Amino acid sequence: MIQIAVFSDVHGNLPALEVVLKDIEQRGIHQKFCLGDLVDFAPWGNEVIERIKSLNIPCLLGNHDERIAFDLPIFPLSKHSEEETAARFIAIDHSKKYITEENKKFLSELPFHLKLNYKTGKTHWNIQLVHSSLTSNDTYLYESENDEVFMDILEDSNADMVIMGHTHLSFTKQFENKKWAVNCGSVGRSKEKNRLASYLVLTLDEEKIIPEIVQLNYPLEETARQIEESGIPDYYASFLRNENILIL
């Protein structure tokens, strides 16, 4: 039996990341992978990057990582309200200002996607890791997508499972051919009603793959207060508290 942990979308939320890392350690899981988006929306972007670096955790390039690493322009998104658009511009500009050049370089060198192969007994399991899809790190794929969307990714990558993040909404979805599409949710900016830190524990044996979404409490109120005391808009503190704010 092999176990691996996969997490994504920390978004500068160091307290949530530390809780997830502690839980992974307590489970005795040594294989850890991050699907990207280390920065933006909480004030510990540098600390999160340095924690990932210090633990040598393989990490993908998320869309927010790419924007900060390469100083890409910010464009308003039609799905966002006027209030969220204004807050988003300020939050991303905050990261562009405060993320160190060394950490921007680290982000710029992250791989776009990663394919894993594990052998258990006589079985090889191929696991495709992406931030959001094979061709884009800014595509929103939800559980409600037609099965064919995920099956195309599995076929293109010759994988038994594709694991993604980006939407901040976790799900596990198995198909008739026993293959899987999984979203591990978000560590630091969950859009689920409970706002818990979310990650994936994957158990592999010779016969099957078992995905388990783990959701954990973390010092959310303290995190929200730290956002309010930073240069990041209070909008994101209210979001963490789930104060009737819809963020798409």
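Residues numbered from 1 in each chain as written. Predicted model: local features only at pLDDT ≥ 70, side-chain atom pairs only at ≥ 80, totals over all residues. Heavy atoms only, no water.

A.B. asks: Even after reading the chapter, I still don't get the overall build of the chain, so can you show me in this structure?
C.D. replies: Counting its secondary structure elements, the chain contains 8 helices and 9 strands. By the compact-globule yardstick of 18 Å for 248 residues, the chain fits well, its C-alpha radius of gyration being 17 Å. With the principal axes as the frame, the chain shows a C-alpha extent of 55 × 35 × 35 Å. For the chain, the proportion of its 248 residues judged to be buried stands at 56%. Partitioning the intrachain contacts of the chain with sequence separation of at least 6 by distance along the chain shows that 66% fall at a separation of at least 24. About 11300 Å² of surface is accessible on the chain, with carbon and sulfur atoms providing 48% of the total. (Helix = DSSP H or I, 4+ residues; strand = E, 2+ residues; numbered from the N terminus. Rg over C-alpha atoms; globule rule 2.2 N^0.38 Å. Buried < 20%, exposed > 50% of the residue type's maximum accessible area, 1.4 Å probe, protein only. Contact = heavy atoms within 4.5 Å. Areas by Shrake-Rupley, 256 points an atom, 1.4 Å probe, with all protein chains shown as cover.)

A.B. asks: What's the story with the environment of leucine 61 in this structure? I'm lost.
C.D. replies: Note on placement: leucine 61 falls in the loop between helix H2 (45-54) and helix H3 (63-69). Residue class for leucine 61 comes out buried when judged on its relative accessible area of 7%. When the C-alpha atoms of leucine 61 and proline 111 are compared, they prove to be 5.8 Å apart, with 50 residues separating the residues in sequence. In this structure, leucine 61 is in contact with Glu66, Leu107, Leu110, Pro111, His131 and Asn137, ignoring residues within four places of it in sequence.

A.B. asks: How should helix H7 (residues 220-228) be read in this particular structure?
C.D. replies: Three- or four-residue spacings in an α-helix give side chains the same orientation, since the helix completes a turn every 3.6 residues. Among all positions in H7, only Leu220, Thr223, Ala224 and Ile227 are buried. Angularly, the buried residues of H7 cover 100° about the axis, an arc narrow enough to put them on a single face. (Arc of directions from axis to C-beta.)

A.B. asks: Honestly, the packing of aromatic side chains in this entry has me stumped. Any pointers?
C.D. replies: Given two aromatic rings, one states the distance between the centres and the angle between the planes to describe the pair. A full pass over the atoms with the stated rule returns 5 aromatic pairs. Pairing phenylalanine 41 with tyrosine 236 gives two aromatic rings, centres 4.6 Å apart and planes at 40°, and the pair type is tilted. Placement of phenylalanine 41 in the loop between strand S2 (31-34) and H2 and of tyrosine 236 in helix H8 (residues 235-240) is noted, with a sequence separation of 195 residues between them. Using a relative accessible area of 5% as the deciding quantity, one classes phenylalanine 41 as buried. (Phe/Tyr/Trp six-rings, centres within 6.5 Å; stacked < 30°, edge-to-face > 60°.)

A.B. asks: Sorry, what's going on with the side chain of asparagine 137 here?
C.D. replies: Among the secondary structure elements, asparagine 137 is positioned in the loop between strand S4 (123-130) and helix H6 (147-157). In this structure the side chain of asparagine 137 is engaged in a polar contact, spanning 3.5 Å, whose partner is the backbone oxygen of glycine 62. Setting aside residues up to four positions removed in sequence, asparagine 137 forms contacts with Leu61, Gly62, Asn63, Glu66, Phe112, His131, Ser132 and His166. (Polar contact = N/O pair within 3.5 Å; in protein donor to acceptor, adjacent residues only side chain to side chain.)

A.B. asks: When you look at empty space enclosed by the protein in this model, what are you seeing that I'm missing?
C.D. replies: Over the atoms, a rolling probe the size of a water molecule traces out where space has been left empty. Scanning the model with the defined rule gives 1 cavity of 30 Å³ or more in all. Each pocket or cavity is described by its volume, and for the largest cavity that value is around 40 Å³. As for the largest cavity, its lining consists of His11, Phe41, Ala42, Gly188, Arg189, Ile227, Tyr236 and Leu240. Of the residues contributing to the lining of the largest cavity, the split by class is 5 nonpolar, 2 polar and 1 charged. (1 Å grid on protein atoms, 1.4 Å probe; cavity = no way out; pocket = protein on both sides within 12 Å on 5 of 7 lines; lining within 4 Å. Points joined across faces, edges and corners; volume = space filled by probe spheres on them. Nonpolar A, V, L, I, M, F, W, Y, C, P; charged D, E, K, R; others polar.)

A.B. asks: What's the story with the pattern of salt bridges in this structure? I'm lost.
C.D. replies: It is possible for side chains of opposite charge to pair when their charged atoms get near one another. Taken as a whole and assessed by the stated rule, the structure comprises 13 salt bridges. Ionic pairing is found between glutamate 109 and lysine 105, a salt bridge with its closest N-O pair at 2.4 Å. Note on accessibility: glutamate 109 and lysine 105 belong to one class, exposed. One salt bridge connects aspartate 205 with lysine 208, and the closest N-O pair in it is separated by 2.9 Å. Given a relative accessible area of 22%, aspartate 205 falls into the partly exposed group. The exposure class assigned to lysine 208 is partly exposed, which follows from its relative accessible area of 41%. (Salt bridge = Lys/Arg side-chain N within 4 Å of Asp/Glu carboxyl O.)

A.B. asks: Looking at this structure, I do not really get the state of the cysteines. What am I missing?
C.D. replies: Each disulfide consists of a covalent bond between the sulfur atoms of two cysteine residues. Here the structure, examined in full by the defined rule, presents 0 disulfides. Cysteine cysteine 34 shares no disulfide, and the gap to the nearest cysteine sulfur, in cysteine 59, comes to 3.6 Å. Take cysteine 184: it sits in no disulfide, and the sulfur closest to it among the cysteines is that of cysteine 34, at 8.1 Å. (Disulfide = S-S within 2.5 Å.)

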